[in-house]
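# Chain and residue survey
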Amino acid sequence: PSAKYDATGGNAGILNIVLKKNRKNGYNGGIRAGIDMRGKFNGGGDLNLRDNKFNFSLNANVNGRKSISTSTNDREILGVSQPIHVLTVNNSTGEGSFNFYRAGVDYFADNRNTFSLYGNIMQGAMENAGIQTIDSSINNAIRNYSLENSGKFNFLNKGAQLSYKHLFAEKGHELSADFNYNQADNDNWSIINSSIINQRSLGNGNNKSYTFNIDYAREFKDEVKFEAGIRYNDRSEYNKRDQFRNDVLIDAISSQYKYGEGVYAAYSNINFKKEKWSFQLGLRAESRSYNGTILNKRGVDSLPFSASYPISLFPSAFINYKINDKQDVQINYSKRINPPNFFQLLPFPDYSDPQNISVGNPGLKPQFTHSFEVAYNNAYKKGSNFLATAYYKYSTDLITSYVYRDINRASSTLDSAYFSSSINANTAIVYGLELSNKTAITKWWDMNL
C-alpha cells in the first residue's frame with residue numbers, strides 16, 4: 001500500500017475495482033439464493049434506479065451458517081518442581097446468522113459535482129455449544145474432568161456515509177471528502193458447567209467510530225501525478241462483563257471499562273516516469289493515542305491508563321524498470337506500524353476460560369516494520385507470465401506472546417496460575433522468495449504453479 005493508506009498492517013494489497021459509468025435512466029436489479037452443505041440458507045437482492053440527477057440503490061443480504069470443529073491443546077509446563085501436563089480436547093458446534101441491509105442516494109448536481117448519502121444496518125448472532133475434556137497430571141496425580149460450554153453473542157451495527165466529489169476541468173484533477181459514522185451494540189452470555197464448578201458470564205457493550213478524510217489529486221504533463229490528503233479517526237468503546245461462580249457474582253474477576261482511540265494522519269504522493277523508469281514516492285505522518293479506564297461497580301472511574309504515540313513518519317518508494325514490452329523489474333520499500341490493540345493493553349485479566357487466563361500489558365510499544373521487496377515479472381507469451389519476488393522485513397519492538405505465573409484471584413485459595421500476555425521483543429527478521437508461474441494451456445484451461 002502507498003502512503004495514501006493507513007500505515008497499520010501491510011500484509012495485504014490494494015484491490016483496484018474499476019466500474020463502468022452508466023448515465024442512462026432506468027432500473028436494474030437481481031436476486032440470489034443458496035443453501036450450504038449443513039442446510040443453512042443464504043440469499044439477497046439488489047435494486048438500482050437512475051432518474052436524471054438522482055441514483056437510488058437498495059441492497060439486502062441474509063446469511064446463515066453452521067460449523068463443527070474439534071481442537072486439541074497439549075500443554076506441558078516445565079521449570080517447576082513437578083512437571084505439569086494438561087491435554088485438552090474441545091468438540092463444538094456453532095451456528096450463526098448475519099443480515100446486512102444498505103440503502104443510498106447519489107445526487108449529480110452537474111457533471112463535476114456529486115453528493116452521496118448511504119446508510120447500512122448489520123444484525124446477527126453467533127451461538128455455540130460443546131464439550132471440553134481435560135486430562136491433567138499435577139504432582140503425579142491424574143485428574144480427568146469435562147466441561148460443558150455454551151454461549152451466545154448478539155450484535156447490531158448501524159452506519160452512515162456522506163461523500164462529496166468534485167472534478168476540475170483538467171483531466172485527473174479532483175477533490176473528494178468522506179465522512180463515516182458507525183455504531184455497534186452487543187450482548188453476550190456464556191456458561192461452563194463441570195463437576196468441579198459452574199461458571200457463568202453476562203456481558204454487553206457498544207462502540208462508536210467517526211472517520212473523516214479529504215483527498216486531493218492532480219495530474220500534470222509528462223505523466224506526473226500528485227496526491228495529498230488528511231484523515232482523522234475517533235473510536236470509543238464500552239464493555240461490561242459480570243462473572244458468576246455457582247450463581248454467585250464475583251466482583252474480583254468481573255470487569256467494566258471504557259476506552260477511546262484517536263488517529264491523526266496526513267500524506268503526500270508523487271508519481272512520475274522517466275524513459276523506462278516509473279517512480280512513486282510517498283510520505284505519511286501519523287499520530288495516535290489510547291485512553292482507557294477501568295470502572296468500578298457503580299460505573300465510576302477508578303483506574304485510568306493511557307498510551308500515546310507521537311508523530312511517526314512512514315516513507316514509501318516504488319520503483320519500476322521496464323526492460324521491454326514483456327519484462328519489468330520492481331523495487332519497493334515501505335515502513336509500517338503495528339500498534340497494540342486495546343485488549344493487548346488492558347491490564348485486567350480475562351477469567352472467562354479458567355484454563356487460559358489472558359491479560360494485557362499497558363506498557364506495550366508499537367511495532368515498526370521496514371519492508372523491502374524486489375520483483376521480476378515476465379509475460380513471456382499471451383495468457384502466461386512468470387513472477388519472482390524476494391522480500392526482507394525488519395521489525396523493531398516485535399509484539400509477541402509472553403506467559404508468566406501470578407496469583408489467581410478467581411481461586412478461593414488465591415492459588416497461582418499461568419497468565420498469557422504480550423511483550424515487546426527487540427527485533428525480528430523475516431525474509432523469503434516466492435516463485436509463481438501461470439501458463440495458458442488452452443483457451444479454457446490455465447495452470448498455476
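Attention here is on the structure that accompanies the text.

## Thoughts on the overall build of the protein
For the protein, the count of helices and strands is 1 helix and 21 strands. For the protein, the proportion of its 449 residues judged to be buried stands at 31%. In the protein, once contacts between residues fewer than 6 apart in sequence are set aside, the share between residues at least 24 apart is 61%. For the protein, the exposed area adds up to about 27,300 Å²; of that, 56% sits on carbon and sulfur atoms. Considering the protein, the positive charge centre built from 50 side chains and the negative charge centre built from 41 side chains are found 6 Å apart.

## Regarding the nonpolar core
Ranked by internal contacts, the top residues of the largest apolar core, which has 13 residues, are Y290, I294, F305, F342, L345 and L346. Ranked by size, the runner-up nonpolar core spans 7 residues in total, among them I84, V86, I134 and I192.

## What about unusual backbone geometry?
At N52, a residue that is not glycine, the phi angle is positive and equals roughly 55°. With respect to the helices, strands and loops of the structure, N52 is situated in the loop between β2 (41-51) and β3 (54-77). At E223, a position not held by glycine, the phi torsion is positive, near 55°. Judged by relative accessible area, E223 falls into the exposed class, the value being 56%.

## Re a nonpolar patch on the surface
On the surface, a nonpolar cluster with roughly 800 Å² of combined accessible area is contributed by Y27, L47, L49, F54, F56, L58, Y107 and F115. Among the secondary structure elements, those contributing two or more residues to the nonpolar patch are β2 and β3. When residues of the nonpolar patch are assigned to their parent elements, the largest contribution, 3 residues, is made by β3. Residue position: F54 is located in strand β3. Since its relative accessible area comes to 36%, F54 is described here as partly exposed.

## Re the pattern of salt bridges
A side chain of one charge can pair with a side chain of the opposite charge when the charged atoms of the two come close. For the coordinates displayed, the defined rule picks out 15 salt bridges. D46 is the salt-bridge partner of R32, the closest N and O atoms lying 2.6 Å from each other. Of the two residues, R32 is situated in strand β1 (residues 26-35) and D46 in strand β2; the sequence distance between them amounts to 14 residues. For E227, the salt bridge goes to K225, with nearest N and O atoms at 4.0 Å. Taking the relative accessible area as the measure of exposure, E227 reaches 11% and is therefore buried. Residue classification places K225 among the partly exposed residues on the basis of a relative accessible area of 28%.

## Observations concerning the packing of aromatic side chains
Scanning the model with the defined rule gives 17 aromatic pairs in all. On the numbers, 5.0 Å between centres and 35° between planes, the contact of F54 with Y107 is tilted. Separated by 53 residues along the polypeptide, F54 in strand β3 and Y107 in strand β4 (residues 84-108) bring together distant segments of the chain. Taking relative accessible area as the criterion, Y107 reaches 31% and is therefore assigned partly exposed. Residues F372 and Y392 carry aromatic rings whose centres are separated by 6.3 Å and whose planes lie at 50° to one another, so their mutual orientation is tilted. You can see F372 sitting in strand β16 (residues 367-381) and its partner Y392 sitting in strand β17 (residues 384-396), a full 20 residues away along the chain. Among the residues examined, Y392 registers a relative accessible area of 34% and is labelled partly exposed.

## Concerning the side chain of S422
Structurally, S422 is set in strand β19 (residues 416-424). Sequence-distant contacts of S422, that is, excluding residues within four places in its chain, are made with Q344, V359, N361, L364, I399, T400 and Y402.

## With respect to the pairing of β4
Relative to β4, β3 runs antiparallel, the two being bridged by 24 bridges. Bridge pairing in β4 places L58 opposite A103.

## Let's talk about the sheet that holds β19
As a general point, the strands of a sheet are linked pairwise by backbone hydrogen bonds and lie either parallel or antiparallel. Across the sheet, 3 strands lie side by side as β15-β19-β18; this open sheet has mixed pairing. A single partner strand is all that each edge strand has here, and the edge strands are β15 (357-358) and β18 (399-407). Where β18 meets β19, 9 bridges bridge the pair, whose relative direction is antiparallel. Paired with T400 across the bridge in β19 is I423.

## Describing the environment of S384
Tracing the backbone shows S384 in strand β17. Judged by relative accessible area, which is 3%, S384 ranks as buried. The spacing of S384 and D36 is 348 residues in sequence and 35 Å in space, taken between C-alpha atoms. Excluding residues that lie within four positions of it along the chain, S384 makes contacts with N378, A379, K438, T439 and A440.

## Looking at the environment of F98
Tracing the sequence through the fold places F98 in strand β4. In this structure the C-alpha to C-alpha distance between F98 and V62, which are 36 residues apart in sequence, comes to 5.9 Å. The contacts of F98, once residues within four sequence positions are left out, are N61, V62, N63, R65, Q123, G124, M126 and F155.

## Looking at the side chain of N213
Along the chain, the position of N213 falls in strand β8 (residues 198-220). Discounting residues that sit within four places of it in the chain, N213 has contacts with S176, A177, D178, I230 and R231.

## A word on the pairing of β19
Relative to β19, β15 runs parallel, the two sharing 2 bridges. Pairing of I357 across the sheet is with F419, part of β19.

## A look at the environment of I196
Mapped onto the elements, I196 comes out in the loop between β7 (174-193) and β8. Expressed as a C-alpha distance, the spacing of I196 and Y145, which sit 51 residues apart in the sequence, is 8.2 Å. When near neighbours in sequence (up to four residues on either side) are disregarded, I196 contacts R143 and Y145.

Here is what the cut-offs are and how they apply
- Residues numbered from 1 in each chain as written.
- Predicted model: local features only at pLDDT ≥ 70, side-chain atom pairs only at ≥ 80, totals over all residues.
- Heavy atoms only, no water.
- Helix = DSSP H or I, 4+ residues; strand = E, 2+ residues; numbered from the N terminus.
- Buried < 20%, exposed > 50% of the residue type's maximum accessible area, 1.4 Å probe, protein only.
- Contact = heavy atoms within 4.5 Å.
- Areas by Shrake-Rupley, 256 points an atom, 1.4 Å probe, with all protein chains shown as cover.
- Lys, Arg positive; Asp, Glu negative; His and termini not counted.
- Charge placed at Lys NZ, Arg CZ, Asp CG, Glu CD.
- Core = buried A, V, L, I, M, F, W, Y, C linked by side-chain atoms within 4.5 Å.
- Patch = residues over 30% accessible without salt bridge, like charges linked within 9 Å, V, L, I, M, F, W, Y side chains within 5 Å.
- Salt bridge = Lys/Arg side-chain N within 4 Å of Asp/Glu carboxyl O.
- Phe/Tyr/Trp six-rings, centres within 6.5 Å; stacked < 30°, edge-to-face > 60°.
- Pairing = 2+ DSSP bridges.

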